[in-house]
Amino acid sequence: MCGIAGIITSNKQRETKKTVSEMLSTVSYRGPNQSGIKKFGEVTLGMARLSIIDHHKHVIPCAIVYNGEIYNHSSIRSELSSHYKFNTSSDAETALYNYIEKGERSFGEYNGMYAFAVYDHRTKTTYVVRDKAGEKPLYYTYGKDFFAFASEMKCLLKFVKLQFNKDAISYKAYEFTVGKETLFKDIYSLGPGEFIKIKNGKFTIHEYWKVWDNLIEIKDDEKKIVRDLAEIVEDAIMLRTKNCVHKYGCFISGGVDSSLIACIAKPDFIYTAHYDYADFDELQYARLVAKKIKRELVIVKPNKEDFLRTREKIAFHLDSPCTWTSFSLWMLLERACKDLKVVLSGEGADEIFSGYHRYHLLYHDEQIHGLEAMRNYKYLIDRYYGSPVERYVKLINRCENQYDETVRRYLVDSVHQFFEKIEGDVVHSMGLNDFYTTMQVLLQMADRLCMAFSIENRSPYLDYRLIQYGFSMPSKYKINHGITKWVLKEVAKKYIPKEIIQRIDKRGFSAPVNRWFEWDKQGKYDRTAYRNLVLQDWKNVFGVNGDGAYV
């Protein structure tokens, strides 16, 4: 993990080295081991390095600045070794020589999480690249005489007027921003599987890997699918541990995803967050995992005072208000940073293998609508209940005003673009939509909070082979006999306690914020109160003017 930053400008009056240095200083926690800046004519690149694979100090940067890990870099390097002399064991150097050898084609070969920029002196072109799933962040801004990029939004605030972006309609729809727009006006996010090409003062955005362009043929054979998936899951997990020279850990929530990772990886440390409320208590399941893999379970017990003391720190590191409780993760990291440098986490499993309970609603709708008796009534169904897209929009719309037509239209257009990629299969379509929207905020939280403690987060389920397999397999193995994530649970039977597989009350790393602030007097979760709280924290931390904000 690292922090990267850069400026491309023809304006010789700009002190680009000084500016890039300030950008890196802003996120020094991302790379506490080493930093460097290099200028190539109009291009200035900088990198703050957190050494995980290679502990030796090198001259950085060269023609590449790099953040993340390429887990298959050894095999790529072996193919290049006859043509190139490597000076380090770093995957960044592998990525550089692979680009020199193959150009833009090289970007799609990587199995890992990465965001990097490479300068090609031969063509005077700069490429800025983000990984296939969006695990590593990449933001950019531009003006009439410059283009700038960085790992975090706060690095780019020096280039823009600090304004709330009222055009980011996704914030009203989801309670966080998705896609290109951010809540900072004129600061943008590069999408997963995309790269930016900058040449002659102009930039263009290109896709090099999207799920729908990389589907594979999978035979409808239940036993083979479970067997093949088990092999990929195991390999994806082990691939993310074999090159780890540090001790590593897992955060256990008591669910299938984290338990499966822990039982295969057998980490040095496992941690869980525990709250003294019956409906938040998953400790018994975490203890089952600890017993299974013979590891001591470190139990973290956050409280309201911890929540109050960490609010502004979390707001600063997240860069953007998020109503999904990141507090539990912060508290786990605050404890884990004493022990380790790498954690494994389960992001992606719910989106790829249909783990969210809301999927039942649309899935069973479609089962009913597919009955022979209903075949002649599709027109009436769509008219009175709405199309699958419109029905899913109702499920995911978090706007306080459910009749806001602007938000509804935005969501219909957004959801439709993903549903049409895998037309006719609502299970795959719902997951695909969430993969490119709601999952991105989970990745944002994981990256920012882990980096706040200089800890690297690795997500085995986001191995591109699992993404391909999950969206290519027959979707009937995702939701089966009323069970979500059925095929992954079949795989898990070989590794984890059966009590965890049989659970139907999974919560995740949520915190009893409603209880602490007495927002649940009617027994209902108050999303508005929590949204306003985190939005105000964000405004306070970054000094954003409240005018025009959604409150």
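Bear in mind the structure is a predicted one, so any value in this text is a computation, not a measurement.

## Some thoughts on the overall build of the chain
The helix and strand tally for the chain stands at 21 helices and 16 strands. Taken along its principal axes, the extent of the C-alpha atoms in the chain is 70 × 55 × 55 Å. Within the span of the chain, comprising 551 residues, buried residues form 61% of the whole. Accessible area of the chain: about 23500 Å², with a carbon and sulfur share of 48%. Looking at charge distribution, the chain has the averaged site of its 80 positive side-chain charges lying 3 Å from that of its 71 negative ones.

## Looking at the nonpolar core
Formed by 102 residues in total, the largest nonpolar core has its most connected members in Phe116, Phe149, Leu260, Phe435, Ile467, Val487 and Ile496. Take this core: its biggest share by element is eight residues, from helix α5 (residues 222-239). Of all hydrophobic cores here, the second largest spans 57 residues; its members include Tyr174, Leu362, Val389 and Ala452.

## A short note on the packing of aromatic side chains
In this structure the tally under the stated criterion is 46 aromatic pairs. Here Tyr99 and Phe107 contribute two aromatic rings whose centre-to-centre distance is 6.2 Å and whose plane-to-plane angle is 10°, an arrangement assigned as stacked. Both residues of the pair, Tyr99 and Phe107, belong to the buried class. Between Arg358 and the ring centre of Tyr356, over which it is positioned, the NZ or CZ distance is 4.5 Å. For the cation-ring pair, Lys478 lies above Phe471, with the distance from its terminal atom to the ring centre recorded as 4.5 Å.

## Brief notes about the environment of Trp538
Here Trp538 shows up in helix α21 (residues 527-542). On a C-alpha basis, the gap between Trp538 and Ile314 in space is 9.1 Å, while along the polypeptide they are 224 residues apart. When sequence neighbours within four positions are dropped, the list of residues in contact with Trp538 reads Phe164, Leu183, Phe184, Ala315, Asp319, Ser320, Pro321 and Val544. Within the structure, the side chain of Trp538 is placed 3.0 Å from the backbone oxygen of Asp319, a separation counted as a polar contact.

## Section: the packing of helix α13 (residues 388-396) against helix α14 (residues 405-419)
Where α13 contacts α14, the two axes come as close as 9 Å, and the packing angle between them is 120°. When the axis of α13 is compared with that of α14, the two are oblique. Relative to α14, α13 is oriented so that their crossing is right-handed. In contact with Pro388, Val389, Glu390, Tyr392, Val393 and Ile396 of α13, α14 contributes Arg408, Leu411, Val412, Val415, His416 and Phe419. Looking at the contact of α13 with α14, its residues break down into nine nonpolar, one polar and two charged.

## Notes on the side chain of Thr437
Tracing the backbone shows Thr437 in the loop between α15 (426-436) and α16 (438-452). When residues no more than four places from it in sequence are discounted, the contact partners of Thr437 are Tyr174, Phe176, Val178 and Phe418.

## Focus on empty space enclosed by the protein
For the coordinates displayed, the defined rule picks out four cavities of 30 Å³ or more. Volume-wise, the largest cavity comes out at about 150 Å³. Around the largest cavity sit 14 residues that line it, and Arg311, Ile314, Ala315, Ser326 and Val534 are the ones nearest its centre. When contributions to the lining of the largest cavity are tallied by element, the ones reaching two or more residues are α8 (304-318) and α21. Looking at the lining of the largest cavity, its residues break down into 10 nonpolar, two polar and two charged.

## Section: the layout of surface pockets
Estimates place the volume of the second largest pocket at around 770 Å³. What lines the second largest pocket is a set of 39 residues, and nearest its centre among them are Val178, Gly179, Lys180, Gly191 and Tyr436. Listing elements by their share of the lining of the second largest pocket, those giving two or more residues are β7 (139-143), β11 (202-207), α14 and α16. At five residues, the largest contribution of residues to the lining of the second largest pocket is made by α16.

## Details of the sheet that holds strand β16 (residues 456-458)
Ordered in space as β14-β13-β12-β15-β16, the five strands form an open sheet in which the pairing is parallel. Looking at strand neighbours, the two that pair on one side only are β14 (297-300) and β16, the edges of this open sheet. Taken over all neighbouring pairs, the strand axes of this sheet differ in orientation by 30° on average, direction set aside. Two elements, strand β15 (residues 342-344) and β16, share three bridges in a ladder whose sense is parallel. Counterpart to Val343 in the pairing with β16 is Asn457. Across the face of the sheet, helix α6 (residues 256-265) comes into contact with β12 (248-251) and β15 while running at roughly 155° to β12.

## Quick look at the sheet that holds β11
An order of β4-β5-β6-β10-β11 is seen for the five strands of this open sheet, with the pairing classed as antiparallel. Only two strands of the sheet have a single partner each, and these edge strands are β4 (64-70) and β11. On average, each strand axis in the sheet is tilted by 15° relative to the strand beside it, whichever way the strands run.

## A look at the environment of Tyr248
Following the sequence through the fold, Tyr248 ends up in strand β12. With relative accessibility at 12%, the residue Tyr248 sits in the buried group. Sequence separation of Tyr248 and Ser21 is 227 residues, and the distance between their C-alpha atoms is 31 Å. Dropping the residues within four chain positions of it, Tyr248 is found in contact with Thr241, Ala265, Lys266, Pro267, Asp268, Phe269, Leu340, Val342 and Leu344.

## Comments concerning helix α17 (residues 464-472)
Burial analysis of α17 places seven of its nine residues in the buried class, the great majority of the element. Where α17 is concerned, the buried positions are Leu466, Ile467, Gln468, Tyr469, Gly470, Phe471 and Ser472. Buried residues along α17 sit against α5, α10 (349-353) and α15.

## Details of the side chain of Asp91
By the element assignment, Asp91 lies in helix α3 (residues 91-102). One buried charge, Asp91, has no salt-bridge partner; the nearest side chain with opposite charge is Arg77, at 7.4 Å.

Calculation notes
- Residues numbered from 1 in each chain as written.
- Predicted model: local features only at pLDDT ≥ 70, side-chain atom pairs only at ≥ 80, totals over all residues.
- Heavy atoms only, no water.
- Helix = DSSP H or I, 4+ residues; strand = E, 2+ residues; numbered from the N terminus.
- Buried < 20%, exposed > 50% of the residue type's maximum accessible area, 1.4 Å probe, protein only.
- Areas by Shrake-Rupley, 256 points an atom, 1.4 Å probe, with all protein chains shown as cover.
- Lys, Arg positive; Asp, Glu negative; His and termini not counted.
- Charge placed at Lys NZ, Arg CZ, Asp CG, Glu CD.
- Core = buried A, V, L, I, M, F, W, Y, C linked by side-chain atoms within 4.5 Å.
- Phe/Tyr/Trp six-rings, centres within 6.5 Å; stacked < 30°, edge-to-face > 60°.
- Lys NZ or Arg CZ within 6 Å of the ring centre and 35° of its normal.
- Contact = heavy atoms within 4.5 Å.
- Polar contact = N/O pair within 3.5 Å; in protein donor to acceptor, adjacent residues only side chain to side chain.
- Axes fitted to C-alpha atoms, helices over the stretch in contact; angles between N-to-C directions.
- Parallel < 35°, antiparallel > 145°, perpendicular 65-115°, else oblique.
- Left-handed = near helix turned anticlockwise from the far one by under 90°.
- Nonpolar A, V, L, I, M, F, W, Y, C, P; charged D, E, K, R; others polar.
- 1 Å grid on protein atoms, 1.4 Å probe; cavity = no way out; pocket = protein on both sides within 12 Å on 5 of 7 lines; lining within 4 Å.
- Points joined across faces, edges and corners; volume = space filled by probe spheres on them.
- Pairing = 2+ DSSP bridges.
- Salt bridge = Lys/Arg side-chain N within 4 Å of Asp/Glu carboxyl O.

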